[in-house]
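Observations on the three-dimensional arrangement
Chain by chain, the residues run as shown.
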Amino acid sequence: MSTTRPYSPGDRGPEPEAAGETGGTPGLSPADVGRAVGHQSRRLNLVGAAGIVPLARDFTREALHAWGWMPADTADRRAAAEDVLLVVSELVTNACLHAEGPDELRISCDSKVLRIEVSDRGTGQPAPRTPHRAGRPGGHGMFIVQRLCMDWGVVRTAGVPGKTVWAEVGAPA
């Protein structure tokens, strides 16, 4: 169910000591990078970009490689990485279709959660279509996000046009 909380409920562990963009850590295997570095984040400006959905997926795929989510060594890890890529595609596509395009994609990761945020200038409120009609084309984006994510929601800042739609996927074990 959609919420307006900026962060999901529950224990997310201790706060990270340092945040920032991380491309790799010498001496660690890719699978250990995410756990060793703590909180990592990346931003992609999408204003005026062409081929926005593939660009967002490629950007996310690069981050997943740097953070040790890919290449995945188990089926669960592969599924988690594919879920992240699908959620990015759905959120960016929704911003293209319903909000005149996304302004920015932000992804961040700690040892427990990967958070995806897509900011746009739209006024609409994303919601899964109810009732969901699996056999019909279109209208599945937020239903997919709701099914794949631990939580998702919308954040609006008073006096600032638009919104940020966020979703969180649990880190693979």
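See the structure shown above.
A few points on the structure. As the structure is a computational prediction, the values presented were derived from the model and not from experiment.

**So, the side chain of Lys163**
Turning to its location among the elements, Lys163 is positioned in strand 5 (residues 163–170). For Lys163, a relative accessible area of 7% translates into the label buried. Side chain to side chain, Lys163 and Asp120 meet in a polar contact 2.8 Å long. From its side chain, Lys163 meets the backbone oxygen of Gly122 in a polar contact 3.4 Å long. Those residues in contact with Lys163, other than ones at most four positions away along the chain, are Ala99, Val118, Ser119, Asp120, Gly122, Thr123, Gly124, Pro126, Val154, Val155 and Arg156.

**Re unusual backbone geometry**
In this structure, the amide linkage connecting Met70 to the following residue, Pro71, adopts the cis form with an omega of -10°. Looking at the element boundaries, Pro71 is found in the loop between helix 2 (52–66) and helix 3 (75–98). Phi at Glu100 is positive, roughly 60°, even though this residue is not glycine. With relative accessibility at 83%, the residue Glu100 sits in the exposed group.

**Overview of the pattern of salt bridges**
Here the structure, examined in full by the defined rule, presents 9 salt bridges. Between Arg106 and Glu104 there is a salt bridge; the shortest N-O distance is 2.4 Å. Per residue, the accessibility class of Arg106 equals that of Glu104, and both read buried. Glu117 is the salt-bridge partner of Arg106, the closest N and O atoms lying 2.9 Å from each other. A residue pair is termed long-range when its members are at least 10 positions apart, and Arg106 in strand 2 (residues 102–109) and Glu117 in strand 3 (residues 113–120) qualify at 11 residues. Since its relative accessible area comes to 15%, Arg106 is described here as buried. By sharing partners, the salt bridges in this structure join Arg43, Glu104, Arg106, Arg115, Glu117 and Glu168 into a single network.

**As for the packing of helix 3 against helix 4 (residues 141–148)**
Relative to each other, helix 3 and helix 4 sit at 145°, their axes nearing to 9 Å. For helix 3 against helix 4, the interelement crossing comes out left-handed. Taking contact as the criterion, the partners of Asp83, Leu86, Val87, Glu90, Leu91 and Asn94 in helix 3 are, on helix 4, Gly141, Met142, Ile144, Val145 and Leu148. Residue composition of the contact of helix 3 with helix 4, by class: 7 nonpolar, 2 polar and 2 charged.

**Considerations on helix 2**
Here helix 2 spans 21 Å end to end across 15 residues, near enough to the 21 Å set by a 1.5 Å rise per residue. Among all positions of helix 2, only Ile52, Ala56, Phe59, Thr60, Ala63, Leu64 and Ala66 are buried. Down the axis of helix 2, the smallest arc covering the buried residues is 160°, so these residues share one side. One or two steps after helix 2, the chain reaches Gly68, where phi turns positive at roughly 85°.

Calculation criteria
Residues numbered from 1 in each chain as written. Predicted model: local features only at pLDDT ≥ 70, side-chain atom pairs only at ≥ 80, totals over all residues. Heavy atoms only, no water. Helix = DSSP H or I, 4+ residues; strand = E, 2+ residues; numbered from the N terminus. Buried < 20%, exposed > 50% of the residue type's maximum accessible area, 1.4 Å probe, protein only. Polar contact = N/O pair within 3.5 Å; in protein donor to acceptor, adjacent residues only side chain to side chain. Contact = heavy atoms within 4.5 Å. Salt bridge = Lys/Arg side-chain N within 4 Å of Asp/Glu carboxyl O. Axes fitted to C-alpha atoms, helices over the stretch in contact; angles between N-to-C directions. Left-handed = near helix turned anticlockwise from the far one by under 90°. Nonpolar A, V, L, I, M, F, W, Y, C, P; charged D, E, K, R; others polar. Expected span 1.5 Å × (residues − 1). Arc of directions from axis to C-beta.

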